[in-house]
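Listed here are the chains, written in short residue letters.
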Amino acid sequence: MVPVRSAVTSLLHPIHVIAAAPSKIIQDLSAYFESRTQLQHDNEIFAAKQLLDNARLLKLQTLESENNRLRSLLGSSFRLQERVLVAELVTVDLDPFSQWVLIDKGLSDGVTINQAVLDAQGIMGQVVDVSEWTSTVVLLTDPSHAIPVQVNRNGLRAVAVGQGLGQPLKLIHMPQNSDVEIGDILSTSGLGGRFPEGYPVGTIGNIGGPEGEPFAAIEVLPLAKLNISRELLLVLPGEKITSSIGAKPVGEDEAAIIGSSAPPVEETLDE
Amino acid sequence: MSRNIVIIMLTFLLAILLMLLQLPEAWQMFRPEWVMLVLVYWALALPKRVGVMWGWWMGLLMDVLLGAHLGLLAFAYALATYLALKFYLQLRQYPVLQQTLPVFFLVIFVKLIAATMAPEFVGRLVWGPALVSAAVWPFIFTVLRWLRRHFHIR
């Protein structure tokens with residue numbers, strides 16, 4: 001049924017395009033009429049931010065290679081280096097009873113079912129349906145969606161389930177005395193194999209311990225701007241870290257860092 | 001394909017586009033069930049031409065376009081068309097304002113079926129569209145009747 005559905009959706013692509021046109025035109029017009037001073041101002045901010053981010057990225061890459069070296073010493077498996085693809089929301093409304101959005105990348109761009117989708121702040125959801133030029137993404141807040149997470153502070157693992165748009169996620173099956181504090185950051189744990197490990201998901205918003213209940217009622221506020229973000233990132237299936245080091249745009253010197261003190265990376269690589 | 005069918009198809013296409021058009025989130029509960037309203041109008045006006053199968057296929061089309069579970073809206077629209085056809089002689093006799101009541105209940109019916117996979121949301125997403133659909137029914141009825149008479153669709 002899935003290929004049939006995918007084919008029919010591809011066939012009906014023009015309808016989605018026409019339906020998305022009015023809101024797209026409005027967006028484009030408002031971007032067009034943005035004032036010159038505003039743009040200059042934005043540009044300055046972005047330039048400054050990019051400088052800062054670049055510096056941080058350099059440090060991150062050193063840390064990443066160091067981390068991998070330590071992992072290889074421990075004999076544990078390598079983190080995969082993920083590649084990402086930028087996609088844009090198609091401005092149509094889907095089924096009102098579920099939190100689904102349509103994005104403008106599909107089979108022809110290498111999107112597959114179950115891929116993780118992020119925005120600049122954190123995980124947004126995963127791909128549930130792919131057609132030739134578009135795919136459907138289920139958001140974290142959909143009640144049928146659950147995501148395995150871990151608390152950054154202490155590595156405590158849990159599952160966060162959606163409760164509908166505008167509602168926080170909830171952590172299920174957490175004992176009343178579990179070590180969770182308001183403000184803790186949750187990231188993906190990588191268990192289950194759907195989501196890559198280590199991407200931020202949300203922060204703990206509220207912890208309730210209803211009397212007489214076996215489990216705590218813990219709310220998670222998603223970090224991703226689920227109803228604002230227009231550009232989002234698709235995480236493509238990863239390559240081995242070894243192959244991507246050479247391709248890195250900044251900080252070419254890490255290859256030397258790895259090569260100097262670490263054992264050859266390929267030897268300890270286990271699948 | 002005769003000209004009649006083409007015009008009926010075009011009204012459906014417009015209704016489908018209106019269903020997909022992006023609305024601000026707070027307004028989504030005020031989106032009328034455009035496709036179902038158009039279906040009901042044509043079923044009442046041309047019961048020999050627009051039947052249950054039209055409802056089924058339009059529903060299936062909407063299922064694919066909205067990314068819903070396949071067959072859910074197909075079933076709902078087919079049922080709505082069936083009910084409209086079952087009572088079309090009575091419904092036709094009512095003045096337009098009085099027709100809004102059966103339309104209201106038909107939309108509630110369709111929305112309840114569409115919500116079976118997400119029972120958490122039964123509430124404003126069901127009665128909101130039903131109220132608004134009932135409110136726009138006289139408008140749709142007038143426009144489509146004008147179209148039908150103008151192009152002599154039979």
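In the block above lies the structure referred to throughout.
Note that the structure is predicted; figures quoted are calculated from it, not measured.

Engineer: I tried to follow the packing of aromatic side chains on my own but got confused; where do I start?
Structural biologist: In this description, an aromatic ring pair is defined by two values, namely the gap between the centres and the angle between the planes. Residue and element names in this part refer to chain B. Summed over all chains, the structure comprises 6 aromatic pairs over all chains. Taking the centre distance of 5.5 Å and the plane angle of 80 degrees together, the rings of Tyr41 and Phe141 count as edge-to-face. In this pair, Tyr41 is assigned in helix H2 (residues 34–45) and Phe141 in helix H7 (residues 124–150), connecting sequence segments 100 residues apart. Relative accessible area serves as the criterion here: at 2%, Tyr41 is assigned to the buried category. We classify Phe141 as buried; its relative accessible area is 12%.

Engineer: Would you explain the interface of chain A and chain B in this entry?
Structural biologist: Note on interface size: it is often stated as the accessible area lost on association of the parts. Contact residues are listed per partner, giving 25 residues for chain A and 27 residues for chain B. Each partner contributes to the roughly 2300 Å² buried at the junction of chain A and chain B, and carbon and sulfur atoms together form 66% of this total. When the buried surface of chain A facing chain B is broken down by residue, A:Arg5, A:Asp93 and A:Phe97 rank first, second and third, together holding 35% of it. Taken together, the links from chain A to chain B amount to 1 salt bridge. For B:Arg31, the salt bridge identified is with A:Asp93, shortest N-O distance 2.6 Å. For the interface between chain A and chain B, the tally reads 8 residue pairs in polar contact (both at pLDDT 80 or more). Broken down by secondary-structure element, the contributors of at least two residues to the side of chain A that touches chain B are helix H1 (2–11) and helix H2 (13–32) of chain A. Considering every element that reaches the side of chain A that touches chain B, the biggest residue donor is H2(A), with 6 residues. Along the lines of polarity and charge, the residues of the side of chain A that touches chain B split into 14 nonpolar, 7 polar and 4 charged.

Engineer: Where do I start with the nonpolar core in this structure?
Structural biologist: Ranked by size, the top nonpolar core spans 69 residues in total, and within it B:Phe12, B:Val35, B:Met36, B:Trp42 and B:Tyr77 carry the most contacts. Of all elements in the fold, only H2 and strand S2 (100–103) of chain A together with helix H1 (3–20), H2, helix H3 (52–66), helix H4 (72–86), helix H6 (96–114) and H7 of chain B reach the threshold of two or more residues within this core. Among the elements that make up this core, the one with the highest residue count is H2(B) (12 residues). Within the second largest apolar cluster, 21 residues are counted, among which are A:Ala160, A:Leu186, A:Ile204 and A:Val235.

Engineer: Before we go on, may I ask you to explain the side chain of A:Asp142 in this structure?
Structural biologist: Residue and element names in this part refer to chain A. Mapped onto the secondary structure, Asp142 falls in the loop between strand S5 (135–139) and strand S6 (146–151). Buried and without a salt bridge, Asp142 has Arg194 as its closest oppositely charged side chain, separated by 12 Å. Each residue touching Asp142, except ones within four places of it in the same chain, is listed here: Ser98, Gln99, Trp100 and Gly162.

Engineer: I tried to follow the environment of B:Trp34 on my own but got confused; where do I start?
Structural biologist: Residue and element names in this part refer to chain B. With respect to the secondary-structure elements, Trp34 resides in helix H2. With relative accessibility at 16%, the residue Trp34 sits in the buried group. Between the C-alpha atom of Trp34 and that of Ser133, which follows or precedes it by 99 residues, the distance is 7.6 Å.

Engineer: I would appreciate a short explanation of the packing of H2(B) against H6(B) in the present structure.
Structural biologist: Helix packing geometry: the angle between the two helix axes and the distance between the axes. All names here are of chain B. Look at H2 against H6: their axes get within 11 Å of each other, and the N-to-C directions meet at 130 degrees. Here H2 lies oblique to H6, going by the angle between them. Between H2 and H6 the crossing geometry is right-handed. Between H2 and H6, the contacting residues are Met36, Leu37 and Val40 on the first element and Val103, Leu106, Val107 and Val110 on the second. Here the residues of the contact of H2 with H6 are counted per class, giving 7 nonpolar, no polar and no charged.

Engineer: Is there a simple way to think about the pattern of salt bridges in this case?
Structural biologist: Residues and elements named next belong to chain A. Taken as a whole and assessed by the stated rule, the structure comprises 9 salt bridges over all chains. Between Lys24 and Glu88 there is a salt bridge, with the nearest N and O atoms lying 3.9 Å from each other. Here Lys24 is found in helix H2, whereas its partner Glu88 is found in strand S1 (residues 81–90), with 64 residues between them in sequence. Note on Lys24: relative accessible area 38%, which makes it partly exposed. A salt bridge links Asp104 to Lys105, with the shortest nitrogen-to-oxygen separation between them at 3.8 Å. Residue Lys105 is classed as buried on the basis of its relative accessible area of 18%.

Criteria and cut-off values
Residues numbered from 1 in each chain as written. Chains lettered and ligands numbered in written order. Predicted model: local features only at pLDDT ≥ 70, side-chain atom pairs only at ≥ 80, totals over all residues. Heavy atoms only, no water. Phe/Tyr/Trp six-rings, centres within 6.5 Å; stacked < 30°, edge-to-face > 60°. Helix = DSSP H or I, 4+ residues; strand = E, 2+ residues; numbered from the N terminus. Buried < 20%, exposed > 50% of the residue type's maximum accessible area, 1.4 Å probe, protein only. Contact = heavy atoms within 4.5 Å. Buried area = accessible area lost by both parts, 1.4 Å probe. Salt bridge = Lys/Arg side-chain N within 4 Å of Asp/Glu carboxyl O. Polar contact = N/O pair within 3.5 Å; in protein donor to acceptor, adjacent residues only side chain to side chain. Nonpolar A, V, L, I, M, F, W, Y, C, P; charged D, E, K, R; others polar. Core = buried A, V, L, I, M, F, W, Y, C linked by side-chain atoms within 4.5 Å. Lys, Arg positive; Asp, Glu negative; His and termini not counted. Axes fitted to C-alpha atoms, helices over the stretch in contact; angles between N-to-C directions. Parallel < 35°, antiparallel > 145°, perpendicular 65-115°, else oblique. Left-handed = near helix turned anticlockwise from the far one by under 90°.

Just distances and angles here, no functional claims.
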